[in-house]
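Take a look at the letters that make up each chain.
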Amino acid sequence: MKKSDAFFFLLFLSQIICAQKKVIKKVQTNATYVEISTVGLDDFVLENSNSEFLEIYLSAENPSKQHIVYSVSEATAKIEFQIPAMSTEEPVFRKFITKRLQRASAIIKIPKNKAVIIFGEQINVSAKSYGGPLDIYIEKGLIKLDTIQKRTKVKFYEGSVFATLKARNVDVTSTRGTIAVNKEIQQENFYKKTKNTSQNLTIRTTKGNIFLTTLKPQ
């Protein structure tokens, strides 16, 4: 790669980042469950809503409300994203631009009493101590759960997951990955502790790494 090519590529990449725009959608729903498809996104953040509204923040090159698809079926609200791919005819750019630069990121704030299910392919997921039941099913990525509040279940093929536990009610398995609890590597491919608490954490992965931190009771 010549210096001139590298310069123009970095300039183009900078323009892509600066071109990110945001669209916001707010809805009020009585649905008990929220299903979220993260297909089309690179990064996704789940937060607790301080209101009764479900809030969706989409950042992309040219976002629009049409890119956020929201529907309700019986007790379930469904959210998905339809992000058009970015294309270029310049060979030097085509060589270096990956799908991750063609897509978008989203933040969804949900009232903590609702159960959330997240589906995805290759995606980075951050759940900022979400206050309701949570299920995450992805193929590959980085998953940050912060402090577990309610029943949480994670299933993924490859990547890493980080979680902090208030109480030890844990059942995790990694067939070919690493499991560490309080920075101590476990010799088995599973780690299980049982305690009578609603703060349940279940993780299943084939090649993923699991990093857990336990908080001491106050």
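Fair warning: this is a prediction, and the values are worked out from it, not measured in the lab. (Residues numbered from 1 in each chain as written. Predicted model: local features only at pLDDT ≥ 70, side-chain atom pairs only at ≥ 80, totals over all residues. Heavy atoms only, no water.)

A. Geometry of unusual backbone geometry. At serine 129, a residue that is not glycine, the phi angle is positive and equals roughly 50°. Here asparagine 182, not a glycine, exhibits a phi torsion of approximately 55°, which is positive.

B. Representation of the nonpolar core in the model. With 47 residues, the main nonpolar core has Phe44, Phe81, Leu145 and Leu212 as its most contacted residues. Not counting residues up to four positions away in its chain, the partners in contact with leucine 212 are Ala163, Leu165, Val170, Val172, Ala180, Val181, Asn182, Tyr191 and Leu201. (Core = buried A, V, L, I, M, F, W, Y, C linked by side-chain atoms within 4.5 Å. Buried < 20%, exposed > 50% of the residue type's maximum accessible area, 1.4 Å probe, protein only. Contact = heavy atoms within 4.5 Å.)

C. Layout of the environment of lysine 166. Along the chain, lysine 166 falls in the loop between strand 11 (152–165) and strand 12 (170–174). Non-local contacts of lysine 166, meaning those with residues more than four positions away in its chain, are made with Thr147, Ile148, Gln149, Gln199 and Leu215. In this structure the side chain of lysine 166 is engaged in a polar contact, spanning 3.4 Å, whose partner is the side chain of glutamine 149. (Helix = DSSP H or I, 4+ residues; strand = E, 2+ residues; numbered from the N terminus. Polar contact = N/O pair within 3.5 Å; in protein donor to acceptor, adjacent residues only side chain to side chain.)

D. Structural view of the confidence of the model for the protein chain. For the protein chain, per-residue confidence averages 85 on the pLDDT scale, and residues scoring 70 or more make up 80% of the total. Predicted confidence in the protein chain is weakest over helix 1 (residues 3–18), with a mean pLDDT of 44, and strongest over strand 2 (residues 33–37), with 98. A low-confidence stretch, residues 4–18 stays under pLDDT 50, and its non-local contacts, those more than four residues away or across chains, total twelve contacts. Across residues 92–102, confidence stays below pLDDT 50; counting only partners more than four residues off in sequence or on other chains, it has 26 contacts. (pLDDT = per-residue confidence, 0-100.)

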